[in-house]
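Here's the letter readout for the chains.
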Amino acid sequence: MTSGAEVIELSSDEEEEPVPSTTALARRRPSSPPDVKPFLHSNATSHKWAFGAIAELLDNAIDEVNTGATFVCVNKFTNPRDGNPSLLIQDNGGGMDPEALRRCMSFGFSDKQSDAFIGQYGNGFKTSTMRLGADVIVFTQNQNNGVPTRSIGLLSYTFLMETGCDDVLVPTVDYQYDPMTASYIQMLRHDQKLFSSNLGILLKWSPFVSEAELLKQFDDMGEHGTKIIVFNLWFNDDGDMELDFISDEKDILITGAHKKVKTNKLEKIATQNYISTRLRYSLRAYASILYLHVPDDFKIVLRGCDVEPHNIVNDLMYRECVLYKPQIAGLTESSVITTIGFVKGAPDIDVQGFNVYHKNRLISPFWKVANNSYGKGRGVVGILEANFIKPTHDKQDFEKSNLYQRLETRLKEMTYEYWDLHCHRVGYDNKSLSKADRALNRANRMNAGSSPISAPPRLLAANIPTSSCGIPRLSASAAREKINSLESHSNNMMGLKRKLDSFCAMTDNADDQDRQNHTDGVDVSQRKRFSEYRTLTLENDKLRNECLQYEESEKQLVMKEQKLRSEIAEAKKKYQGLLKELGSLDVKEEK
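Residues numbered from 1 in each chain as written. Predicted model: local features only at pLDDT ≥ 70, side-chain atom pairs only at ≥ 80, totals over all residues. Heavy atoms only, no water.

Under an unreviewed UniProt entry, the name given to the chain is Morc S5 domain-containing protein, and the organism recorded is Panicum virgatum. Note on the chain: under the UniProt heading Subunit (unreviewed entry), the record states "Homodimer." Within the UniProt record for the chain, the comment given under Sequence similarities (unreviewed entry) is "Belongs to the MORC ATPase protein family." (UniProt positions renumbered as here; feature names shortened; annotations may be inferred.)

Draft legend 1. The arrangement of the environment of Q396 in detail. Of note, Q396 is situated in the loop between β18 (380-385) and α11 (402-422). Spatially, the C-alpha atom of Q396 lies 8.8 Å from that of P365, the residues being 31 residues apart in sequence. If we skip the residues at most four places from it in the chain, Q396 touches W49, G52, Y286, R361 and I363. Within polar-contact distance, the side chain of Q396 engages the side chain of Y286 at 3.4 Å. (Helix = DSSP H or I, 4+ residues; strand = E, 2+ residues; numbered from the N terminus. Contact = heavy atoms within 4.5 Å. Polar contact = N/O pair within 3.5 Å; in protein donor to acceptor, adjacent residues only side chain to side chain.)

Draft legend 2. Seen up close, the confidence of the model for the chain. On average, the chain scores 78 in pLDDT, and the residues at 70 or more come to 72%. In the model, residues 108-122 has pLDDT below 50 throughout and makes 37 contacts with residues more than four positions away in sequence or in other chains. (pLDDT = per-residue confidence, 0-100.)

Draft legend 3. Seen up close, unusual backbone geometry. Cis geometry is adopted by the peptide bond preceding P347, which originates at A346 and carries an omega value of 5°. Non-glycine residue N232 carries a positive phi angle of around 55°. Among the structural elements, N232 can be located in strand β7 (residues 225-233). At F366, a residue that is not glycine, the phi angle is positive and equals roughly 50°. Structurally, F366 can be placed in strand β17 (residues 361-367).

Draft legend 4. Structural context of the sheet that holds β7. An order of β6-β5-β4-β3-β7-β2-β1-β10-β11 is seen for the nine strands of this open sheet, with the pairing classed as mixed. Edge positions in the sheet fall to β6 (183-186) and β11 (305-306), since each has one partner strand and no second. Each of β2 (85-91), β3 (133-142), β4 (149-156) and β7 is contacted by helix α4 (residues 124-132), which is oriented at about 135° to β3, the strand it contacts most. Sheet strands touched by helix α6 (residues 192-205): β3, β4, β5 (172-178), β6 and β7. Its angle to β5, the strand with the most contacts, is close to 115°. (Pairing = 2+ DSSP bridges. Axes fitted to C-alpha atoms, helices over the stretch in contact; angles between N-to-C directions.)

Draft legend 5. Broad picture of the sheet that holds β17. Strand order in the open sheet formed by five strands is β12-β15-β18-β16-β17, and the pairing between neighbours is mixed. Of all strands in the sheet, those with a lone pairing partner are β12 (316-324) and β17, marking the two edges. For this sheet, the mean inter-axis angle between neighbouring strands, taken without regard to orientation, is 15°. In terms of strand pairing, strand β16 (residues 353-358) meets β18 through five bridges, oriented parallel. When the bridges of β18 are listed, Y357 appears paired with E385. Seen against the sheet, α11 touches β12, β15 (336-343), β16, β17 and β18 and runs at an angle of roughly 135° to β12.

Draft legend 6. Highlighting α11. Taking 1.5 Å of rise per residue, 21 residues should cover 30 Å, and α11 covers 30 Å from first to last C-alpha, within 8% of that figure. Buried within α11 are the following residues: L403, Y404, L407, R410, L411, M414, T415, Y416, Y418, W419, L421 and H422. (Expected span 1.5 Å × (residues − 1). Buried < 20%, exposed > 50% of the residue type's maximum accessible area, 1.4 Å probe, protein only.)

Draft legend 7. Structural context of the nonpolar core. Ranked by size, the top nonpolar core spans 119 residues in total, and within it L87, I137 and F342 carry the most contacts. In terms of residue count, helix α2 (residues 50-63) provides more of this core than any other element does, nine residues in total. In contact with I137, other than residues within four places in its own chain, are I152, G153, L154, L202, S206, F208, L214, K227, I228, I229 and F231. (Core = buried A, V, L, I, M, F, W, Y, C linked by side-chain atoms within 4.5 Å.)

Draft legend 8. Quick peek at the pattern of salt bridges. Counted according to the given criterion, the structure contains 16 salt bridges. D59 is the salt-bridge partner of K395, the closest N and O atoms lying 3.2 Å from each other. Linking K395 in the loop between β18 and α11 with D59 in helix α2, this pair joins segments that are 336 residues apart in sequence. Accessibility expressed as a relative area gives 5% for K395, which makes it buried. Residues joined in a network through salt bridges with shared partners are E56, D59, R361 and K395. (Salt bridge = Lys/Arg side-chain N within 4 Å of Asp/Glu carboxyl O.)

Following this line, the structure appears as C-alpha cells:
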C-alpha cells in the first residue's frame with residue numbers, strides 16, 4: 001500500500017538545534033525506525049507551548065490577507081472514526097495548487113520572500129501541527145492557474161510509525177474542475193495506480209472512510225481556501241488531552257493551566273483576571289493580543305465567536321511615548337516608539353513588563369525586564385514593535401544578539417525613569433519630589449483611605465492612544481487636520497522645549513549624569529507639561545506616517561481597481577467572442 005505514495009524530501013535551509021521533549025508529548029510515542037523518529041520528534045518538540053503552535057497556523061492565515069482572506073476559523077472537530085475531539089483551522093485565502101501543497105508539506109521551503117509576511121522559515125506548518133497532534137490532514141482549493149483545483153494531503157506520524165516507513169511519505173490526491181460535467185474529477189499527476197494508492201492510504205489513516213466523505217469537506221470552503229484538521233491530539237503527563245474543549249464552549253484552554261487560586265485578596269483576584277495571566281491558558285485571550293493591528297476586513301473566529309482585539313495601550317494610565325534609537329557599530333538601525341504607563345489598578349495589580357511585537361506579531365508578552373524585590377517597576381507596562389531584532393524559530397522569544405541585550409538594558413532604564421517620574425500618582429512615596437509635595441501626596445492618600453485601585457479621575461493630557469491599533473482610523477484629510485492641530489499646540493510649547501532641551505534626549509546616546517544635572521532644578525509641573533509636549537510631538541510623527549500609509553494604500557487600491565477593470569473588460573471581450581462562435585455554429589434541433 002505504501003510503495004506508491006509520494007516521498008517528501010526532508011531538506012531544510014537551516015540547521016536547528018533539537019529542543020528537549022516537553023510534557024505534552026509524553027504520550028502517544030510509539031517505537032519507530034531510526035531514520036524517521038528523530039526528525040519528526042524534533043519537529044514535534046520545536047514548540048514548547050501549544051498556543052505558540054496554533055499561533056503559527058494563525059500567522060499563515062493572516063498572511064493570506066494578501067490573497068483576499070477575510071477570516072480564519074478555529075474550532076473543535078469531532079473525529080468521525082473514534083469520536084475524539086480534533087482541532088480545525090480554516091481560512092478563505094487563496095488556497096494552494098497541487099505543487100504549492102507539496103511544498104507546504106515538505107521541509108525548509110517557503111514562498112514568503114517579502115517583509116510583509118510574518119512567516120519566513122517554511123517549517124511553521126509542519127512544526128506546529130506535529131506539536132499539537134500526531135496527524136494532520138489538509139484540504140485546499142485554488143483558482144490561480146485558471147483551472148480550479150482541489151488537493152488533499154496527509155502528514156501522519158501514526159501512519160509512518162505503524163507501517164515502519166524509513167522515509168516520510170505524504171499521500172496526496174488532487175482534483176480539477178471539469179466544465180463539461182460541472183464537477184471535480186480526479187487529476188492524475190502520474191497514473192491511476194499512484195492516485196489509487198495515495199487515496200487508499202488517506203482513507204485508512206485519516207478520519208474519513210470514503211472518497212465522498214473526503215470531498216464533502218470542501219462543501220463549506222467556497223471557491224478558495226484551506227482547511228487543516230489536526231487529529232490524535234497529544235496528551236499531558238496526567239493522561240488528559242492537552243487542549244481542553246469542554247470547560248469553555250467559546251474558548252480552547254490548556255488543560256490544568258487555568259485553575260485559579262481561591263482568595264479574597266483583591267490584589268490576587270485582579271492579577272488572575274488580567275490578560276497577562278489569562279493568555280497563558282486561554283486561546284481567546286492570547287489571540288486577542290497576538291497582533292498589534294488586525295487588518296480592518298479580517299477577523300479571527302474562535303469556536304463560532306469573533307475574537308475581539310485587545311489593545312493593551314487602552315489598559316494604561318499616565319501614558320508616555322519614549323523614542324528609542326538602537327545603535328550598533330555607530331550606525332542607527334531603526335527608531336522605535338515605546339508606549340509606557342501604569343496598568344489600571346496599579347499598584348494593587350501585580351503586573352509589569354513590555355509587550356514586544358515583531359512585524360505586527362507578539363513575540364514576548366509582558367517581558368519583565370525590571371526585577372526588584374522592593375517593587376520598583378510594579379504596575380509599569382509597555383508596548384513596542386521591535387523589527388530590528390530577530391525572533392527565534394518558534395516566535396516565542398528573540399535571539400540573544402547584541403541588539404537584543406541593548407534593548408533589554410534600555411527598557412529597564414525606561415521602566416525606572418518612568419517610575420521615578422510617576423510612582424507617586426499610584427500611591428508610592430516618590431523621593432525625587434520636594435518634601436512639600438511628598439507631604440501633600442501622603443495627606444491626600446490618608447484622606448482617600450487607601451491607594452487607588454483604578455484609574456484616577458484626572459489623567460495627563462498626554463493620555464491618548466499611541467499604538468496604531470488604538471488610533472481611530474482617519475481619512476487622509478482628517479489625519480492632516482489633526483496633524484495641523486497638534487503642530488499648533490506643539491508650537492505654543494516651544495519655549496518650554498528650549499528650557500528642557502537636555503531632558504528630552506531619551507535615547508541611547510544620552511549621558512545619564514548630564515541629564516541628571518540638568519533636571520534637578522525642574523519641578524514636577526514642568527515635567528508634566530514637557531511630558532505632554534513630547535507625547536504630542538511623537539503622536540504628530542505617527543500621524544504623519546499614518547497619512548503616508550493611507551496615501552500609499554489609496555495608490556494600491558487605484559491600481560487594483562484598474563487591474564480589475566482590465567480583467568472585466570477582457571472577460572467581456574472573451575464572452576462576446578464565445579457568443580459569436582456559438583452563433584456561427586449550425587445547431588439543428590432533433591425532432
